[in-house]
Amino acid sequence: MDVVMEYLDTYVFDGVYDKAAALTATAPLPRDSLLRQSLSLFVFIYAYIVAFYFGTAGLSYRFIYDKNQEKHPKFLRGQRFLEMACASRALPTITVMTIPWVLGELHGYSLVYKDWARYGYTYLFVSAALFILFTDFCIYWVHRLEHHPLVYARCHKLHHKWIVCTPYASHAFHPVDGYLQSIPYHLAVYIFPMHEYVYLALFAFVNVWSVMIHDGEYVASNPVVNGAAHHTVHHLYFNYNYGQFTTLFDRLFNSYRKPSAEIYDRSRRNSKTVQNAQAQDIDSALPSLEAKESKKSQ
Ligand SMILES: [Zn+2]
Ligand SMILES: [Zn+2]
């Protein structure tokens, strides 16, 4: 991240802080001031996440998302805009809560490194695989615990308002929910070393992946990859498929549910018979499941 901040300081922030200092007749905040770094990080992370969210979800909605899903009986009126509004409310708070992790990284407390050869070139691939496995394991448990009655209603219920999702549901959650599920991505580089560019690339990838698992387009029926079909099962039937990237931990900890064949078949999944049957299943099971998980946290 220091590469990004150095670039932004040189081309954007130095000028901004100089102007602010001139206007207020004070000395400009130096680059190593914690206040300046926190303010700059807020601006950068917020702009990045908003641009990334609306850009990626917008492209996915325009070119990939199967809009027939919007005719599903469980699709809410104006849902796409409700999802956007929900995400827009969550992102500023998530940005603020993210700043300490990045400040720690800027001040050298993380294990992010710059020299490509420092741990060998093979390690670049090993660290990427480790990052996916580590974050998948952690998010599995964060997500599964968010379904616990003590926290579900306060924290995670909002994301389950979207039973049939659009790509805009990817970041449409309570800010604490979004933050908790993002902690493993920040924590990873405090536990094992990662090259700064590998880390930045994977950070962009996980944001794209979040959109992809909500876009309703089930490209592959790979049993290992937790794709849109698996996450659709989570939104439809609630307490299955908590994983993010793989189905490994759902299989290991007995929460795996295989998506039915019609979910992969565009014409069958859009048929009224299939959609009405799904709606009936949800009506008969979901309210009691949600009530059970909400009970203690009301
Ligand atoms: Zn959930
Ligand atoms: Zn979701």
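Cut-offs used in this document
For every chain, the first residue of its written sequence is number 1, and the numbers climb from 1 along that sequence. Starting at A for chains and at 1 for ligands, labels are handed out in the order in which the entities are written. Given that this is a predicted model, residues contribute local features only at a pLDDT of at least 70 and side-chain atom pairs are listed and counted only at 80 or more, while totals for whole chains, interfaces and linings are drawn from all residues. By the criteria applied, helices consist of DSSP H or I runs no shorter than four residues and strands consist of E runs no shorter than two, each listed in order from the N terminus. For this measure, only C-alpha atoms enter the radius of gyration; the expected value for a globule follows 2.2 Å times N^0.38, where N is the number of residues. With C-beta atoms placed from the backbone, a residue is labelled by how many other C-beta atoms lie within 10 Å of its own: buried for 20 or more, exposed for 12 or fewer, partly exposed between the two. Here, residue contact means that the backbone-derived C-beta atoms of the two residues sit within 7 Å. To estimate the expected span of a helix, subtract one from its residue number and multiply by 1.5 Å. Each nonpolar core comprises buried Ala, Val, Leu, Ile, Met, Phe, Trp, Tyr and Cys residues, the members being joined through C-beta atoms within 7 Å.

Engineer: Is there a simple way to think about the overall build of the chain in this case?
Structural biologist: Each helix and strand in the chain was counted, giving twelve helices and two strands. Reading the secondary structure of the chain in the N-to-C direction produces α-α-α-β-α-α-α-β-α-α-α-α-α-α. The C-alpha radius of gyration computed for the chain amounts to 21 Å, which stays within 12% of the reference 19 Å derived for 298 residues, consistent with globular compactness. Its C-alpha atoms give the chain principal-axis dimensions of about 65 × 45 × 40 Å. A buried classification covers 34% of the 298 residues belonging to the chain. Contacts in the chain between residues at least 24 apart in sequence constitute 70% of all its contacts with a sequence separation of at least 6.

Engineer: What am I meant to see in helix 7 (residues 196-212) here?
Structural biologist: Along an α-helix, a turn takes 3.6 residues, which lines up residues three or four apart on a common side. In this model helix 7 runs 24 Å from its N-terminal to its C-terminal C-alpha over 17 residues, within 8% of the 24 Å that 1.5 Å per residue would give. Among all positions in helix 7, only Y199, L202, N207, S210, V211 and M212 are buried. Turning to helix 7, the residues buried within the fold contact helix 2 (34-63), strand 1 (112-113), helix 4 (121-146), helix 6 (175-191), strand 2 (194-195) and helix 8 (228-237).

Engineer: Sorry, what's going on with the nonpolar core here?
Structural biologist: General note: in soluble globular proteins, nonpolar side chains tend to be found buried as a group. A87, A90, W162, Y168, A169 and A172 are the most contacted members of the largest nonpolar core, which totals 23 residues. If you list the elements that add at least two residues to this core, you get helix 2, helix 3 (79-106), helix 7 and helix 8. Residues within four places of A169 in sequence aside, it is in contact with E83, W162 and H214. In terms of nonpolar packing, the next biggest core, distinct from the first, is built from eight residues, V112, F131, Y185 and Y199 among them.

Engineer: Please clarify how helix 2 should be interpreted in this entry.
Structural biologist: Along its 30 residues, helix 2 runs 42 Å from first to last C-alpha, staying within 8% of the 44 Å computed at 1.5 Å per residue. By the burial criterion, the buried members of helix 2 are Q37, S40, L41, I49, Y53, T56, A57 and S60. Each element contacted by the buried residues of helix 2 is listed here: helix 1 (2-24), helix 3 and helix 7.

It is worth stressing that arrangement in space is one thing and function is another; only the former is reported here.
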